Amino acid sequence: MTDNLQGESSGDRPPTDFEQIGSEILATGQFDVWVSQGFGWLVAGIAGLTTLLLFWIGWVIFERAQPAIQAFGWGFLTSQEWNIIDLKFGALPYIYGTLVSSAIALILAVPIGLAAALVTSEKFLPPWVRSPLAFVIELIAAIPSVIIGLWGIFVLIPVMQPIQLWLYKNFSQFPLFSTEPFGPGMLVAGVILAIMILPTIAAISRDVLLAVPSDLRTASMALGATRWETIFRVLLPTAVSGVLGAAILGLGRALGETMAVTMVIGNSAQISPSLLNLAYTIPAVLANEFAEALDDLHIGALMYLALILFGLTLAVNVAAVFMVRVLNHGR
Amino acid sequence: MEDNFNPDLRDLISPLPLGRSLFSAGMTAIAFLLTGLALLPLLAILAKILIEGVPHLSWEVFTSLPAPVGSQGEPNGFANAILGTLIMVGIGAVLSIPIGVLTAIYLAEFGKGKPIASILRFMVTILSGVPSIVVGVFAYGVIVLTFKGFSALAGGFALAIVMLPVVTLATEEALKLVPTPQRLASAALGANPLQTTFRIVVATALPGITTGVLLAVARAAGETAPLIFTALFTQNWPEGLLKPAPSLSVLIYNYANSAFVEQNQMAWSASAILVGMVLLFNILSRLVINRRLEK
């Protein structure tokens, strides 16, 4: 049992005499051995249970979604109808809203997050400004989603309405801005999501940039490159997989983000090319309808939606973790 | 004189060509502009809460139930939601802290270096990425449908699952920081793994574990999505673990969408309390970590 304690030290080489004597002394108390072994099994068992939780979540949702899976099959993914009274359910508008709002969020948040990561990791500012600045940018991740939604309703929507009107007046020939803005809608939801995933992207990109060996910077500068030439030609190419991992992790967050989006997207299940139009997302419909769902088929359809979201975020998060892990192994 | 200069050397002492310096200055300006843009929402949210929420905090807010809309002069507060949040976060903490810490002990101590431990760690990381609304759906499927009713227990159960990976990963980080010689010294004095783990390793890592627990509690207190259809809401005091329970975050959600200005006002007051708590916990945990690094 003492092998566990020595962990690293005894992993690579055979135990020395001293260690063997030590373990014999320890082994003399039978009760001790029993307690130690029991404890080892206990923590291993609990760790296993924690892990099983992930499968349990997937299984429960899959099981409860059965009525809808049997009734609609794969057609659920492509159907646009969502009628609670006639018990006809289709997921397409929600899938569309979830993907498009997350895409807007990524387009906005990646450049800003990357800029923030560069400003807080390179030597633009003295160190005593850099780290607190990074902390403050990360702090927005701590603000509860529902409060960001509250701010979205009362501050962001009024601020963005003139911008949306201007886009509609000047660019309504483009499908993206072809409908008159209501206030809430896809674009506002995308902006809110961008605000919420920005800390994730900035923090991970910053870690990645800080991990780039300073030799590379020095070498590039010594060859006569300016700071920005170094950033574009040396740092960013070196850090690209980490930044990509950060963006994918941000995407995972955006796909599952619920409250803030529910409060500003307008909750109207439609597929419209216009970003100024109302939309709906999977998390938002779950948040709005679960408390009132009574019929088994309605509950099943919501569970089916949750299953789609679970699968989607699982795939995205696994990809992100592998991305970041590949990077760590490369170093 | 000038003709003696080697043209290559002149390159070295001449200033940077205009194009390159303009590019550098321009990019610096853009980067700072974007960073300012990144700070703007946080400052705007905090400012709005300070202006709208903080001035309306009063003793009544913490001690009385929500008054019916339109009633004049009645004490109006959300003490029930504060209590409900405390109860459900409490359930979450009671369930998630022991399991999270023991899981972390396996990952950092007993399973260290084994392939199975890295698989388990991977699963816990993935669990932390599961959207909280999905966790809510799971709690609904497991507890609400089983007990045939919305309950504080279902809400607390959902919060426990949200907290679990936060506690586990933070505790593991804290345990990894404990130097191996301390474990060896303890074993050399004849302690068994149980004693070494709790008296030496966990005791040394306690500030780091506390940080993780603080962050998990702060996160759970602000969670709304897993509560709106597990714990639901009530205008009254929470009546028991198997009855619906109010919470600050769901109160903010309900009142944000309300047509009554006074309820919108209450949403901002509740936000002030929630944000104050969350920021306090985050800054506290930051200080604990910094103190450790300075040692």
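What counts and what doesn't
- Residue positions within a chain follow its written sequence, with the count starting from 1.
- Whichever chain is written first becomes A and whichever ligand is written first becomes 1, with later ones labelled in order.
- Reporting in this predicted model follows two pLDDT cut-offs: at least 70 for local features of residues, and 80 or more for side-chain atom pairs to be given and counted; totals over whole chains, interfaces and linings ignore these cut-offs and use all residues.
- With hydrogens and water set aside, each side-chain value is computed from the structure's full complement of heavy atoms.
- Strands are runs of DSSP state E lasting at least two residues, helices are runs of H or I lasting at least four, and both sets are numbered from the N terminus onward.
- Note on method: radius of gyration uses C-alpha positions; expected globular size equals 2.2 Å times residues raised to 0.38.
- Contacts: residue pairs with any heavy atoms within 4.5 Å of one another.
- Each reported salt bridge corresponds to a side-chain nitrogen of Lys or Arg within 4 Å of a carboxyl oxygen of Asp or Glu.
- To sort residues, take the accessible area from a 1.4 Å probe on protein chains only and compare it with the maximum for the residue type: under 20% means buried, over 50% means exposed, and anything in between is partly exposed.
- Accessible surface is computed with a 1.4 Å probe, and the buried area is the amount of it that two parts give up when combined, taken over both parts together.
- Each polar contact in these results corresponds to two N or O atoms within 3.5 Å; when the atoms are within protein, one needs to be able to donate a hydrogen and the other to accept it, and residues that are neighboring in sequence are counted only if both atoms are side-chain atoms.
- Each Phe, Tyr or Trp ring (for Trp, its six-membered ring) is paired with any other whose centre lies within 6.5 Å, and the angle between the two planes then decides the class: stacked below 30 degrees, edge-to-face above 60, tilted in between.
- A helix's residues, less one, multiplied by 1.5 Å, set its expected span.
- At any given residue, the bend is defined as the angle formed between two axes, one fitted to the seven residues that end at that position and one fitted to the seven that begin there.

Peer 1: What exactly am I supposed to notice about the overall build of chain B here?
Peer 2: Each helix and strand counted, chain B has 11 helices and zero strands in total. Along chain B, helices (α) and strands (β) appear in the sequence α-α-α-α-α-α-α-α-α-α-α when read from the amino end. In terms of overall size, chain B is more extended than a compact globule, its C-alpha atoms giving a radius of gyration of 27 Å where 295 residues would be expected to give roughly 19 Å. In chain B, the share of contacts with a sequence separation of at least 24, taken over all contacts with a separation of at least 6, comes to 70%.

Peer 1: Mind showing me how you'd approach the pattern of salt bridges here?
Peer 2: If charged atoms from side chains of opposite charge come close, those side chains can pair. All names here are of chain B. Counted according to the given criterion, the structure contains seven salt bridges over all chains. Glutamate 109 is the salt-bridge partner of arginine 183, the closest N and O atoms lying 2.7 Å from each other. Here the residue arginine 183 occupies a position in helix H8 (residues 180-188), and glutamate 109 occupies one in helix H4 (residues 79-110), the gap between them amounting to 74 residues. Accessibility classification places arginine 183 together with glutamate 109 in one group, the buried group. The shortest N-O distance in the salt bridge between arginine 121 and glutamate 172 comes to 2.9 Å. On the criterion of sequence distance, the pair formed by arginine 121 in helix H5 (residues 115-128) and glutamate 172 in helix H7 (residues 152-176) is long-range, its members being 51 residues apart. When its relative accessible area of 24% is taken as the criterion, arginine 121 is described as partly exposed.

Peer 1: Which parts of the structure should I look at to understand the interface of chain A and chain B?
Peer 2: Reports of interface size often rely on the accessible area that becomes lost once the parts have come together. The interface is formed by 85 residues belonging to chain A together with 85 residues belonging to chain B. Buried surface at the junction of chain A and chain B, summed over both partners, amounts to about 7600 Å²; 81% is from carbon and sulfur atoms. For the pair chain A and chain B, the interface holds one salt bridge. The partner of arginine 20 of chain B in a salt bridge is glutamate 229 of chain A, with the nearest N and O atoms 2.8 Å apart. Summed over the shared surface of chain A and chain B, the result is nine residue pairs in polar contact (both at pLDDT 80 or more). Here the element with the most residues in the side of chain A that touches chain B is helix H4 (residues 30-64) of chain A; it accounts for 21 residues.

Peer 1: Please clarify how the packing of aromatic side chains should be interpreted in this entry.
Peer 2: Here a ring pair, both rings aromatic, is described through the centre-centre distance and the interplanar angle of the planes. Residue and element names in this part refer to chain A. Counted by the stated rule, this structure contains 25 aromatic pairs over all chains. Taking the centre distance of 5.9 Å and the plane angle of 35° together, the rings of tryptophan 228 and phenylalanine 232 count as tilted. With a gap of four residues between them, tryptophan 228 and phenylalanine 232 both fall in helix H12 (residues 227-256), about one helical turn apart. With a relative accessible area of 2%, tryptophan 228 lands in the buried category. An aromatic cluster is built from Phe72, Phe76, Trp82, Phe89, Tyr94, Tyr280 and Tyr304, whose rings are joined through pairwise contacts.

Peer 1: Sorry, what's going on with helix H9 (residues 193-222) of chain B here?
Peer 2: Residues three or four positions apart in an α-helix share a direction because the helix packs 3.6 residues into each turn. Given a rise of 1.5 Å per residue, 30 residues ought to cover 44 Å, yet the end C-alpha atoms of H9 of chain B are separated by just 38 Å, more than 12% below that figure. The largest bend along H9 of chain B reaches roughly 60° and is located at leucine 206 of chain B, with the proline proline 207 of chain B sitting one to four residues downstream.

Peer 1: Can you help me understand the environment of methionine 186 of chain A in this one?
Peer 2: All names here are of chain A. Residue position: methionine 186 is located in helix H10 (residues 186-211). Overall, the relative accessible area of 2% leaves methionine 186 in the buried class. Taking the C-alpha atoms as reference, methionine 186 lies 6.1 Å from serine 101; in sequence the two are 85 residues apart. Residues within four places of methionine 186 in sequence aside, it is in contact with Tyr96, Gly97, Val100, Ser101, Ile104, Ile265, Leu275, Asn277 and Ala279.

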